[in-house]
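Here is what each chain is made of, one letter per residue.
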Amino acid sequence: MKIYKTLIAAISFGALVLSGCSEIDDFLNEEPSKNTLQAIETVDQLDAVLASYAVYPVHFFEEKPDMLYSTDDFGYLMNIHDQKPYSTFMFYYGLWNNENDVDDRYPTWNGEYTKVFYANLVLDNLDKVKGDEKQKALLKADASFLRAYCFFTIALAHTLYYDGTNGDELGITLKKSTSFEEDITRANLKDTWDF
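First things first, this report covers the structure right here in the doc. Computed from a prediction, not measured in an experiment: that's the story for all the values here. (Residues numbered from 1 in each chain as written. Predicted model: local features only at pLDDT ≥ 70, side-chain atom pairs only at ≥ 80, totals over all residues. Heavy atoms only, no water.)

### Observations concerning the overall build of the chain
Inference 1: In terms of helices and strands, the chain carries 8 helices and 0 strands.
Inference 2: Secondary structure elements of the chain occur, N-terminal to C-terminal, as α-α-α-α-α-α-α-α.
Inference 3: Looking at the 195 residues of the chain, the share that counts as buried comes to 28%.
Inference 4: Nonlocal contacts in the chain, meaning residues at least 24 apart in sequence, comprise 58% of its contacts between residues at least 6 apart.
Inference 5: Split by element, the accessible area of the chain, about 14,300 Å² in all, is 57% carbon and sulfur. (Helix = DSSP H or I, 4+ residues; strand = E, 2+ residues; numbered from the N terminus. Buried < 20%, exposed > 50% of the residue type's maximum accessible area, 1.4 Å probe, protein only. Contact = heavy atoms within 4.5 Å. Areas by Shrake-Rupley, 256 points an atom, 1.4 Å probe, with all protein chains shown as cover.)

Structure representation (structure tokens):
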């Protein structure tokens, strides 16, 4: 009787596995798509682009300790170090030591330009989508502000402060579209701060 039950269980299990194999074969026979991007057609889709800004790796919230550690306002105090040692990357930023591999958990440059890309994506597509004109105007304002704020943040971290007399110094790259063909030459400091 025990052998009979084991045989029935084995046959049932085999039938179950074989019935599932046809579904697996169907899945494996499906051709993969190289382009899974969806066309942006509505204002709601553009709104979703700006609404997704808290998703990794964008992090639109202000988590930029690399900017703090590389300022003149940050100091290394031994009594604090004795209680909670500073991390290695804090020293690299604080000493402006570019020869070592700096921990890039807080990449201000990459993070801000990623946000600029999202803002430009919205601005580039506003005239091409269907939707309410008031919502389009609001999205244009939001995306324009976001791009300007990101440029401001990058300029604070990576250029001299513009004082009106040093306008010919190097500023940042002012990406104004999502085109990969756009010129990425750094603007001068005056044009950076004017924009």
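### Some details on the environment of Lys130
Inference 1: For Lys130, the location among the structural elements is in the loop between helix H6 (108-125) and helix H7 (133-158).
Inference 2: Sequence separation between Lys130 and Ile40 is 90 residues, and the spatial gap between their C-alpha atoms is 9.6 Å.
Inference 3: Excluding anything up to four places from it in sequence, Lys130 contacts Glu41, Thr42, Val43 and Lys136.

Keep in mind these numbers describe shape, not what the thing actually does.
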